Amino acid sequence: LSVVTCPDSWEEHAFMFGFCLQQEKLLEGYVGFANLPNQVYRKSVKRGFEFTLMVVGESGLGKSTLINSLFLTDLYSPEYPGPSHRIKKTVQVEQSKVLVKEGGVQLLLTIVDTPGFGDAVDNSNCWQPVIDHIDSKFEDYLNSESRVNRRQMPDNRVHCCLYFIAPSGHGLKPLDIEFMKRLHEKVNIIPLIAKADTMTPEECQQFKKQIMREITEHKIQIYEFPETNDEEENKMVKKIKDRLPLAVVGSNTIIVVNEKRVRGRQYPWGVAEVENGEHCDFTILRNMLIRTHMQDLKDVTNNVHYENYRSRKLAAVTYNGVDNNKNKGPMTKSPLAQMEEERREHVTKMEKMEMEMEQVFEMKVKEKIQKLKDSELELQRRHEQMKKNLEAQHKELEEKRRQLEDEKHNWEAQQRVLEQQKLDKIFTK
Amino acid sequence: MLASNLPWLLLHSRNRQSPFPGLGHSGSGSTLLGYIGIDTIIEQMRKKTMKAGFDFNIMIVGHSGLGKSTLVNTLFKSQVSRWSSGWGGEHKIPKTVEIKAVSHVIEEGGVKMKLTVIDTPGFGDQINNENCWDPISKYINEQYEKFLKEEVNIARKKRIPDTRVHCCLYFISPTGHSLRQLDIEFMKHLSRVVNIIPVIAKSDTMTPDEKNEFKHRVRKELETHGIEYYPQNEFDDDMEDKNENDKIREAMPFAVVGSDKEFQVNGKRVLGRKTAWGVVEVENPNHCEFALLRDFLIRSHLQDLKEVTHNIHYETYRARRLNDNGGLHPISANNTQESNL
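Residues numbered from 1 in each chain as written. Chains lettered and ligands numbered in written order. Predicted model: local features only at pLDDT ≥ 70, side-chain atom pairs only at ≥ 80, totals over all residues. Heavy atoms only, no water.

Moving on, we get to the overall build of chain B. Scanning chain B for helices and strands turns up nine helices and nine strands. Going through the 341 residues of chain B one by one, you find that 49% of them count as buried. Taking as baseline every contact in chain B between residues at least 6 positions apart, the subset at least 24 positions apart corresponds to 70%. For chain B, the exposed surface amounts to about 17500 Å²; the carbon and sulfur share of it is 52%. (Helix = DSSP H or I, 4+ residues; strand = E, 2+ residues; numbered from the N terminus. Buried < 20%, exposed > 50% of the residue type's maximum accessible area, 1.4 Å probe, protein only. Contact = heavy atoms within 4.5 Å. Areas by Shrake-Rupley, 256 points an atom, 1.4 Å probe, with all protein chains shown as cover.)

Below, the structure written as structure tokens:
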């Protein structure tokens, strides 16, 4: 560590500082801030991660199976069947949360499903519920970000949208194009070709080319894999880019092939293996989504999509002096006012709770008093009763004693008479 | 059937077992004392049919990408679909449902068949698919109308060209779950107008278990909605027909795979699709039910399809038209007619 001597004059100071900024200083010993990533890592691991994944596509394209295969859990199981097993008349947006743990790292995974998408005869505006959902999550985050107390900020924004394209072999359908055009600026779209075991490799290649051509033609911005400084990673990224959109096959049934247990689909003419790179692009998708680019997806959502939303929302507010928004969010007030309001809210809440508790307490007290009175009465009654009993017995006893006395008297009288008689008898002899 | 009332000659050439049902089925037939040669009439009919040839019109309906054109090519073992007849353009999805008919004459064993494949691009591909079956319905009725006009003419042609749709193959998407709303609506509206044969397309998507379950569910749904697909229950002639048709009805809808490429499998050249994990053989009954569909459609029920179209669907249309207009005026030879048609 080299020490910069403090120059006396201001200009020299500024010059030195500017000079320092442009140069990377070499360290002459081990300081230890290379340990920063580890600290970040440890803190993050303790905090756990969140990730929200949205799956969109017509029913019957294997969305639920793919989710189960990706995360190796039965999110949709026979006990809780996925939305595909229930026919929907209108498009719904459903969320399921699952907590997965691996190697000490926790991931709170939220899957947003859109059953009924594209299934009706008239599918105009079937993307509207999806857009509304994404916007509402952004708004929640915006509101929680603007609060004064920001200790807990759950991130429920949709980080990635997997769009399932039906494997027709021809090109994108008008519905696909419309949906992607409306959502590419709100969420990271990753287009996937579903049920890729329908197509032969040549058909698949042609189909992918056709789709990419149409995507560029309609100026749809799908999720772009970032370029890095690392050569190795760049090669990998390029490989992924060449194979977009990814053709996937999902399955959770295990089949034995050549003495190996693999996940796949058993046909009379062979087994399509899910994790075989030559059969489908499932492994690429999984690696990309979970192992390498999950954090990047979250970052892009945060830095690009969310910022777009935020600037649009705030610009709409500050453009007119009047608040345009239908629901006045707390972000329109200054922090102090906000604090006051929060305090007042809190206080009223506390008061209410206090009152409630007092009421409950009084009620309880009354009850108790009543009970005590009752038992007192009861006791008194018993007391009286016993006293009466006692007196009765007393009287009885008195009665018996008198009887006894009487008998005694009688008996004594009799004895005296007998004695008198005996004496008389002796005297008269 | 109404057919038994019309003279035999008016109907199209076809091979019937007993041309005069009234006479053929009478309990007390007189025993012949020698060989007369009545049974050679079958041979005479056959010769006439071969010379005249016959037409067959098949319509294929389903949203794009289900392999309709490939399947039709495979069925008739030649490039008969729209894509192959010089259509070099891109596969653009049209904005409304179009009807495109392509005709070919194919010959086999001396028998000529004029096959017309009617394709319906744009069906079910839009975002809003309300009433996308209307153009199809209109087309079918137009063909009936054309035939009716010809029939009512004073100076009729000896052989009226038959452009009526004899069979409609409806392609069901192999989602594995159930029928889509559009499928049900289409079949409800059109099962009374034309013979519909539902077919599960691209069935190499599904494993055998999924296939059976899906078929079962589709059949139940069709039943629930009262959709009568061909072969219809009500048109079975006798017990023999009924048994045969029952067996077919149990196996429908057929799960098919189409392909026009050949591959080597075990030293044999077969039509199929080559994937990284195996070759799907189109004509292997363990792999898919294409062979069943082909036998059913072409080898056993081709004539029946035409008959049902003529005797039932066309007659229904004709009766309705006559009732609506209170009588038809025949068209004069030079077509200066002012009939209620």
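Time to look at the overall build of chain A. Looking only at helices and strands, chain A has 10 helices and nine strands in total. When the 429 residues of chain A are sorted by exposure, 36% land in the buried category. About 28700 Å² of surface is accessible on chain A, with carbon and sulfur atoms providing 54% of the total.

What follows is about the sheet that holds strand E7 (residues 254–257) of chain A. Residue and element names in this part refer to chain A. With antiparallel pairing, three strands are arranged side by side in an open sheet as E7-E8-E9. Strand pairing shows two members of the sheet lacking a second neighbour, E7 and strand E9 (270–273), which therefore form its edges. Ignoring which end each strand starts from, the neighbouring axes of this sheet average 70° apart. Bridge count for strand E8 (residues 260–267) against E9 is four bridges, and the pairing is antiparallel. Bridging across to E9, Tyr267 finds its partner in Gly270. (Pairing = 2+ DSSP bridges. Axes fitted to C-alpha atoms, helices over the stretch in contact; angles between N-to-C directions.)

All names here are of chain B. Relative to the elements of secondary structure, Glu151 occurs in helix H4 (residues 134–152). A relative accessible area of 14% means that Glu151 is categorised as buried. A distance of 2.7 Å separates polar atoms of two side chains, one belonging to Glu151 and the other to Tyr314. (Polar contact = N/O pair within 3.5 Å; in protein donor to acceptor, adjacent residues only side chain to side chain.)

A few words now on the pattern of salt bridges. Applying the stated criterion to the full structure yields 33 salt bridges over all chains. The partner of Arg180 of chain B in a salt bridge is Glu58 of chain A, and the shortest N-O contact between them spans 3.4 Å. Placement of Arg180 of chain B in the loop between strand E4 (167–172) and helix H5 (181–190) and of Glu58 of chain A in the loop between strand E1 (49–56) and helix H3 (63–71) is noted, with the two residues assigned to different chains. Looking at Arg180 of chain B, the relative accessible area reads 17%, which means it is buried. Within the structure, one salt-bridge network assembled from shared partners comprises Glu283, Arg294, Asp295 and Arg299 of chain B. (Salt bridge = Lys/Arg side-chain N within 4 Å of Asp/Glu carboxyl O.)

Taken together, the contact between chain B and chain A spans 36 residues of the former and 40 residues of the latter. Between chain B and chain A, the buried area comes to about 3300 Å², and carbon and sulfur atoms account for 55% of it. The interface formed by chain B and chain A includes three salt bridges. Taken together, the elements giving at least two residues each to the side of chain B that touches chain A come down to H5, helix H6 (208–224), strand E8 (268–275) and strand E9 (278–281) of chain B. A class-by-class count of the residues in the side of chain B that touches chain A yields 10 nonpolar, 16 polar and 10 charged. (Buried area = accessible area lost by both parts, 1.4 Å probe. Nonpolar A, V, L, I, M, F, W, Y, C, P; charged D, E, K, R; others polar.)

This part covers the pairing of E8 of chain B. Residues and elements named next belong to chain B. In this structure, strand E7 (residues 262–265) lies alongside E8, joined through four bridges in antiparallel fashion. Paired with Val265 across the bridge in E8 is Lys268. Hairpin geometry of E7 and E8 is characterised by an intervening segment of two residues between the two adjacent antiparallel strands and by a positive phi of about 55° at Asn266. For E8 and E9, the ladder comprises four bridges, and the chain directions are antiparallel. Bridge pairing in E9 links Thr275 to Gly278. Hairpin geometry of E8 and E9 is characterised by an intervening segment of two residues between the two adjacent antiparallel strands.

Before going further, it helps to examine helix H3 (residues 68–75) of chain B. Residues and elements named next belong to chain B. Most of H3 is tucked away: seven of the eight residues are buried. Every buried residue of H3 is accounted for by Lys68, Ser69, Leu71, Val72, Asn73, Thr74 and Leu75. Looking one or two residues past H3, Lys77 carries a phi angle of roughly 50°, positive in sign.

By size, the foremost hydrophobic cluster in this structure holds 79 residues, and its most contacted members are Met59, Ile140, Phe186 and Ile197 of chain B. Here Met59 of chain B is in contact with Ile118, Thr120, Ile136, Tyr139, Ile140, Val165, Cys167, Cys168 and Leu169 of chain B, once residues within four sequence places are set aside. (Core = buried A, V, L, I, M, F, W, Y, C linked by side-chain atoms within 4.5 Å.)

With that settled, consider empty space enclosed by the protein. One pass over the full model with this rule turns up five cavities of 30 Å³ or more. For the largest cavity, the lining is made up of 21 residues, of which Leu61, Ala166 and Pro167 of chain A together with Ser173 and Pro174 of chain B are closest to its centre. Its residues assigned to classes, the lining of the largest cavity comprises five nonpolar, 10 polar and six charged. What the second largest cavity holds in volume is close to 130 Å³. Looking at the second largest cavity, it is lined by 16 residues, and the ones nearest its centre are Gly118 and Asn123 of chain A together with Gly124, Asn129 and Arg180 of chain B. Tallied by class, the residues present in the lining of the second largest cavity amount to five nonpolar, six polar and five charged. (1 Å grid on protein atoms, 1.4 Å probe; cavity = no way out; pocket = protein on both sides within 12 Å on 5 of 7 lines; lining within 4 Å. Points joined across faces, edges and corners; volume = space filled by probe spheres on them.)

This brings us to the side chain of Asn57 of chain B. All names here are of chain B. By secondary structure assignment, the location of Asn57 is in strand E1 (residues 54–61). Residue classification places Asn57 among the buried positions, given a relative accessible area of 2%. At 3.2 Å, the side chain of Asn57 and the side chain of Thr116 are in polar contact. Polar side-chain contacts of Asn57 include one of 3.0 Å to the backbone oxygen of Asp162.

This part takes up the sheet that holds strand E4 (residues 160–165) of chain A. All names here are of chain A. Here we have six strands laid out as an open sheet, ordered E2-E3-E1-E4-E5-E6, and mixed in their pairing. If you trace the sheet from one side to the other, it starts and ends with strand E2 (94–102) and strand E6 (246–247), each paired once. Across four bridges, E1 lies against E4 in parallel orientation. Each bridged residue has a counterpart across the sheet, and for Met54 the counterpart in E4 is Cys161.

Let us look at the confidence of the model for chain A. Residues and elements named next belong to chain A. Counting all residues, the mean pLDDT for chain A is 82, and 86% of those residues have values of 70 or more. Summarising per-element confidence for chain A, the mean pLDDT is lowest in helix H1 (residues 10–22) (54) and highest in helix H10 (residues 335–428) (92). This stretch, residues 79–84, has a pLDDT under 50; its non-local contacts, to residues over four places away or in other chains, come to 11 contacts. Under a pLDDT of 50 for its full length, residues 321–330 has, in the predicted model, 11 contacts with residues more than four places off or in other chains. (pLDDT = per-residue confidence, 0-100.)

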